[in-house]
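# Examination of the molecular architecture
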Amino acid sequence: MSIARFWRETPRRYNLGGSKCTNCGTTYFPPRSVCPECTRHRQSIEKMIPFQLSGEGEVISYTIVHDPAEGFELQVPYVLALVKTVEGPVLTGQVVDTAPEAVAIGLKVRATFRKLREEGKAGVIHYGYKFAPVEDSSFAGGPRGPTPPVPSGLPSRDRASA
Ligand SMILES: [Zn+2]
């Protein structure tokens, strides 16, 4: 999926910007400025480019948390998972929108932008990505669903007001 198509299909932005080594093709999140796969060759330093993860991946390991970290008290039990993205990097995140018992190795998930926690009396709210299960048919790494209609020209916001 192109970056442009990714942004069109994602209602809300979230920060999953990593980097990619154009020398060997390895992708990284968080982004790196040097490719560990290539350091011996000193070729990677100028070969790293920004790379946007789709946020789609598969649960490769998980744990059900009953003893919450500070700020997560209202959310227990919750599932913390290692998600291997379709692009390669492994992310850690909470799995939401499903019962903890329904989470399993191999579950297809997609990152969504959510409130992570509130902090202290000032009520500072932290946002970030969490993972929600996705149907196989809409998963980039799985069988293809119907091709979405291609927007012609203006974003829908502008069409609606025209
Ligand atoms: Zn490399």
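Scope of this entry: the structure provided in the associated data block. In this numbering scheme, every chain counts its residues from 1 along its sequence in written order. Totals for whole chains, interfaces and linings use all residues, but because this is a predicted model, local features are given only for residues with pLDDT of at least 70 and pairs of side-chain atoms are given and counted only at 80 or more. Hydrogens are left out, water is left out, and the side-chain values use all remaining heavy atoms of the structure.

### Things to note about the pairing of strand β5 (residues 78-85)
For a regular strand, the rule is simple: side chains alternate between the two faces of the sheet. The line we're drawing: A pair of strands is treated as paired once DSSP finds two or more bridges between them. Each helix is a run of H or I in the DSSP string that is no shorter than four residues. Each strand is a run of E no shorter than two, and both are numbered from the N terminus.
The sheet contact formed by strand β4 (residues 56-65) and β5 spans 8 bridges and is antiparallel. Residue pairing across strands places isoleucine 64 opposite valine 79, the latter belonging to β5. Sheet topology note: the β5/strand β6 (residues 90-95) ladder contains 6 bridges and is antiparallel. Counted as the bridge partner of valine 83 is leucine 91 from β6.

### A few points about the coordination of the zinc ion
For a metal bound by four donors in a tetrahedral arrangement, the ideal donor-metal-donor angle is 109.5 degrees, while six donors in an octahedral arrangement ideally sit at 90 or 180 degrees. As a reminder of what qualifies: Distances up to 2.8 Å from the metal define which N, O and S atoms are donors, and 3.2 Å serves for Na, K and Ca; water is absent from the atom set, so sites may look incomplete. Between 85 and 135 degrees for all angles marks four donors as tetrahedral; over 155 degrees for opposite donors together with 65 to 115 for all other angles marks four donors as square planar and six as octahedral; every other arrangement is irregular.
Around the zinc ion, the protein contributes the donor atoms Cys21 (SG), Cys24 (SG), Cys35 (SG) and Cys38 (SG), which lie 2.3 Å from the metal centre. Coordination geometry of the zinc ion: the 4 donor atoms subtend angles of 107 to 114° at the metal centre, consistent with an arrangement described as tetrahedral. The sequence pattern formed by the donor residues of the zinc ion is C-x2-C-x10-C-x2-C.

### Considering the sheet that holds strand β1 (residues 17-21)
In space, the 3 strands of this open sheet follow the order β2-β1-β3, with antiparallel pairing throughout. Unpaired on one side and paired on the other, β2 (27-28) and β3 (48-52) mark the two borders of the sheet. With 5 bridges connecting them, β1 and β3 associate as antiparallel partners. Its bridge partner being in β3, glycine 17 is matched across the sheet by glutamine 52.

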